[in-house]
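Chain and residue survey
Residues per chain, in single letters:
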Amino acid sequence: MNFDEIREQDLLLFESIRGSHLFGLNTENSDLDTFGIFCCPEVQLLGTGRDYISIIESDKNDDYWDEIGKFIRELGKSNPSSLEALFTPECWIKYYNPVLDPLWKIRDSLITKQCFKSFAGYSKKQINKATGLGKAINIDPKKVERRKSPIEFCYVAMRDGDGTIRLDRWLSKYGLNLCHCGIVHLPGTIETYNLYYDWFADKDLKVESYAKLRYNSEPTEKIRKELEEGKKTEYIAYRGLLDPTDSETSQLRCSSVTKEDSKYPLCTFQYNINAFSESCKEYKRYWDWVKNRNPERYKLNKGYNYDGKNCCHCIRLMTMAKELAEGKGMLLDRSNIDKEFLLSIKTHQVPFDDIMKFMKSQEEDMLKAFSSSKLPDEPDKDLLEDILIGIRKEMYKK
């Protein structure tokens, strides 16, 4: 299902503006993000749940809607985003279905000590994002210009004991072609292979290359002579190292080698499949980020060692959690509270070390406020369950 289908089937329950506009922290370049709640079609619940959709979202996650079951489960965990939806001012609400009235009436009771755990956990995630932990913005574009091949992660030990050389470079050194290679996995090893070559299938092979490679493995005079005379007999037709029909394969493919030929491998090499896998993840992470990134936010953060928007989120969450513990309620609009300070962080006007010191102090204050708070320990999940059942019955009644 998508946004339009939800609307057409009258399954939308709630839609509002979320994010920086809701908090009064928007700038001229801020996107207008939305949040929604919908009720899935009855048939999705009557079946095995195979077609149940808990969330629908836009490509860049600017807009996302929760299914009512997921939304209420998140409220039971004191999820910050879900609680914020309940306290959204009317001016930012685009649509509201009265079927939600029982839920909105108990919203104050959903502010509990459990908020400390949820808000603190969410804010720490923002810190991890803010400090560039695994962020694509810190990936060197030159390293991910193309998706690398598994061959670039195969290494041959040098005969003179002087380190290793990449397999493709080793083959190039001797004028050998990948397509004429055959490999056999060595039993009892992790991604270690013997490599063999179809000498007679390679029309460009030079006798000198053959001699250099086979100097220590009893080269037969027959092969040397046939190579010198240009005869092309006994084609082996090895399979090569990669499947040419699968450009994204991560596996090397082996060939059948006769018992006699197996005695004389050209070399033994190891394939670092874990490094290849990490390279592919980094390549995908970077180009997915390029596809979906906000150009203005990228320009704002470029050259800094942290994401200002994520740091801003983190401090706002901690401050709001402290306010909840102190009984001040859910103060979403930061305009007359700490707007200027939060915007200065968002735009990198505050040194990162100062931000971290403030966050540590704020976290300690938040902990003290919750430890002495008179809030209930957690939301009444039985009540939430009853409300969910009531909403579904109302939506599905014939």
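The structure displayed is predicted, hence computed values, not measured ones.

With that out of the way, let us pick up the overall build of the protein. Looking only at helices and strands, the protein has 16 helices and ten strands in total. Within the span of the protein, comprising 398 residues, buried residues form 43% of the whole. Taking contacts inside the protein between residues at least 6 apart in sequence as the whole, the part at least 24 apart equals 71%. For the protein, the accessible area works out to roughly 22300 Å², and carbon and sulfur atoms hold 49% of it.

This part takes up the pairing of strand 8 (residues 181–185). Side chains on a regular strand alternate between the two faces of the sheet. Here five bridges tie strand 8 to strand 9 (residues 192–197), and the two strands are oriented antiparallel to one another. Among the inter-strand pairings, His-185 is bridged to a residue of strand 9, identified as Tyr-193. Hairpin connection between strand 8 and strand 9: a loop of six residues separates the two successive antiparallel strands, and Gly-188 in this loop has a positive phi of roughly 80°.

Hydrogen bonding along the main chain pairs the strands of a sheet, whether they run parallel or antiparallel. Taking strand neighbours across the sheet as the criterion, the five strands line up as 3-4-2-1-5 in an open arrangement whose pairing is mixed. Looking along the sheet, the strands with just one partner apiece sit at the ends: strand 3 (55–57) and strand 5 (93–96). Taken over all neighbouring pairs, the strand axes of this sheet differ in orientation by 15° on average, direction set aside. Alignment of strand 1 (residues 12–18) against strand 2 (residues 33–38), held across six bridges, turns out to be antiparallel. Bridged to Ile-17 within strand 2 is Thr-34.

The next subject is the packing of helix 4 (residues 68–76) against helix 16 (residues 381–396). At a minimum axis separation of 10 Å, helix 4 and helix 16 run at an interaxial angle of 165°. When the axes of helix 4 and helix 16 are compared, the pair comes out roughly antiparallel. For the element pair helix 4 and helix 16, the recorded crossing hand is right-handed. Mapping the contact onto sequence places Ile-68, Gly-69, Ile-72, Leu-75 and Gly-76 in helix 4 and Lys-381, Leu-384, Leu-388, Ile-391 and Arg-392 in helix 16.

Bringing the packing of helix 13 (residues 308–325) against helix 15 (residues 352–371) into the picture now. Angle between the axes and distance between the axes: these two values describe a pair of packed helices. Between helix 13 and helix 15, the least distance of the axes is 9 Å, while the angle of their chain directions is 20°. The angle between the axes of helix 13 and helix 15 places the two elements in the roughly parallel class. In terms of crossing hand, the pair formed by helix 13 and helix 15 is left-handed. Between helix 13, through Cys-311, Cys-314, Ile-315, Met-318, Thr-319, Ala-321, Lys-322 and Ala-325, and helix 15, the contact on the second element is made entirely by Phe-352, Ile-355, Phe-358, Met-359, Gln-362, Glu-363, Asp-365, Met-366, Ala-369 and Phe-370. Looking at the contact of helix 13 with helix 15, its residues break down into 13 nonpolar, two polar and three charged.

Before going further, it helps to spend a moment on the side chain of Ser-279. Tracing the chain through its elements places Ser-279 in helix 11 (residues 273–292). For Ser-279, a relative accessible area of 16% gives the class buried. When near neighbours in sequence (up to four residues on either side) are disregarded, Ser-279 contacts Lys-148 and Phe-153.

Rules used throughout
Residues numbered from 1 in each chain as written. Predicted model: local features only at pLDDT ≥ 70, side-chain atom pairs only at ≥ 80, totals over all residues. Heavy atoms only, no water. Helix = DSSP H or I, 4+ residues; strand = E, 2+ residues; numbered from the N terminus. Buried < 20%, exposed > 50% of the residue type's maximum accessible area, 1.4 Å probe, protein only. Contact = heavy atoms within 4.5 Å. Areas by Shrake-Rupley, 256 points an atom, 1.4 Å probe, with all protein chains shown as cover. Pairing = 2+ DSSP bridges. Axes fitted to C-alpha atoms, helices over the stretch in contact; angles between N-to-C directions. Parallel < 35°, antiparallel > 145°, perpendicular 65-115°, else oblique. Left-handed = near helix turned anticlockwise from the far one by under 90°. Nonpolar A, V, L, I, M, F, W, Y, C, P; charged D, E, K, R; others polar.

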